[in-house]
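# What the coordinates show
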Amino acid sequence: MLHLECEIHKIINESQTSADLFRRLYLHKKSKDKKFSIQYLCNKIGVRSKGHVSFMMNGSRKIYQHHLEALITLFKLTQSQEDDLRSRYMNHQCLTEIKESDNQATTIPYLRLS
């Protein structure tokens with residue numbers, strides 16, 4: 001069990017984004033249990049579409065707080081893993097919001113000159 005905990009901590013610490021973390025946790029679980037599927041994951045975290053989960057894993061869709069809570073339960077994380085995951089998630093959310101606000105601030109509306 002200790003080895004499994006170390007693997008999860010390594011995944012959490014090495015992941016660059018929330019999407020990367022989500023994808024790597026899924027792949028890790030899938031490697032341990034071949035029956036663990038995207039459809040099963042959808043059912044457990046409350047997402048209707050496998051495509052939506054796929055987009056969440058590749059960073060095209062946002063991972064919301066309620067998804068995070070479901071993932072913590074689904075992957076049966078320890079308290080320290082949960083704390084690390086929440087910290088990573090919050091840091092990534094802050095960085096994403098900063099990037100989005102920078103993009104909005106530098107976007108100049110298109111004006112049509114007649």
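About the thresholds
- Residues numbered from 1 in each chain as written.
- Predicted model: local features only at pLDDT ≥ 70, side-chain atom pairs only at ≥ 80, totals over all residues.
- Heavy atoms only, no water.
- Buried < 20%, exposed > 50% of the residue type's maximum accessible area, 1.4 Å probe, protein only.
- Helix = DSSP H or I, 4+ residues; strand = E, 2+ residues; numbered from the N terminus.
- Arc of directions from axis to C-beta.
- Contact = heavy atoms within 4.5 Å.
- Axes fitted to C-alpha atoms, helices over the stretch in contact; angles between N-to-C directions.
- Left-handed = near helix turned anticlockwise from the far one by under 90°.
- Nonpolar A, V, L, I, M, F, W, Y, C, P; charged D, E, K, R; others polar.
- Phe/Tyr/Trp six-rings, centres within 6.5 Å; stacked < 30°, edge-to-face > 60°.

### Quick notes on helix 3 (residues 38–45)
- The set of residues buried in helix 3 consists of Leu41, Cys42 and Ile45. Burial along helix 3 is one-sided: seen end-on, the buried residues are contained in an arc of 105°.
- In this structure, the buried side of helix 3 is in contact with helix 2 (18–32), helix 4 (50–58) and helix 5 (65–74).

### Some thoughts on the side chain of Asp20
- Position of Asp20 relative to the elements: it lies in helix 2.
- A relative accessible area of 12% places Asp20 in the buried class.

### Structural notes on the packing of helix 3 against helix 5
- In contact at an axis separation of 9 Å, helix 3 and helix 5 are set at 115° when each is read in the N-to-C sense. The two elements helix 3 and helix 5 cross, and the hand of that crossing is right-handed. Contacts between helix 3 and helix 5 involve Tyr40, Leu41, Lys44 and Ile45 from the first element and His67, Ala70, Leu71 and Leu74 from the second.
- Of the residues contributing to the contact of helix 3 with helix 5, the split by class is six nonpolar, one polar and one charged.

### Quick word on the packing of helix 2 against helix 4
- With their axes 6 Å apart at the nearest point, helix 2 and helix 4 run at an angle of 120° to one another. Where helix 2 approaches helix 4, its residues Ala19, Asp20, Phe22, Arg23 and Tyr26 are matched on the opposing element by Val53, Met56, Met57 and Asn58.
- Here the contact of helix 2 with helix 4 is built from residues that sort into six nonpolar, one polar and two charged.

### Description of the packing of aromatic side chains
- In this structure the tally under the stated criterion is three aromatic pairs.
- Aromatic side chains Tyr26 and Phe36 sit 5.7 Å apart centroid to centroid with 40° between the ring planes, which places their arrangement in the tilted category. Of this pair, Tyr26 sits in helix 2 while Phe36 is found in the loop between helix 2 and helix 3, placing the two residues ten residues apart along the sequence. Phe36 matches Tyr26 in its accessibility class, with the two residues each being buried.
- Their ring planes at 45° and their centres at 6.0 Å tell us that Phe36 and Phe75 sit as a pair that is tilted. Here Phe36, found in the loop between helix 2 and helix 3, pairs with Phe75, found in the loop between helix 5 and helix 6 (79–106); they are 39 residues apart in sequence, far enough to count as distant.
- In this structure Phe36 comes out as buried when scored by relative accessible area, which is 2%.
- Through pairs of rings, three or more aromatic residues link up here, namely Tyr26, Phe36, Tyr40 and Phe75.

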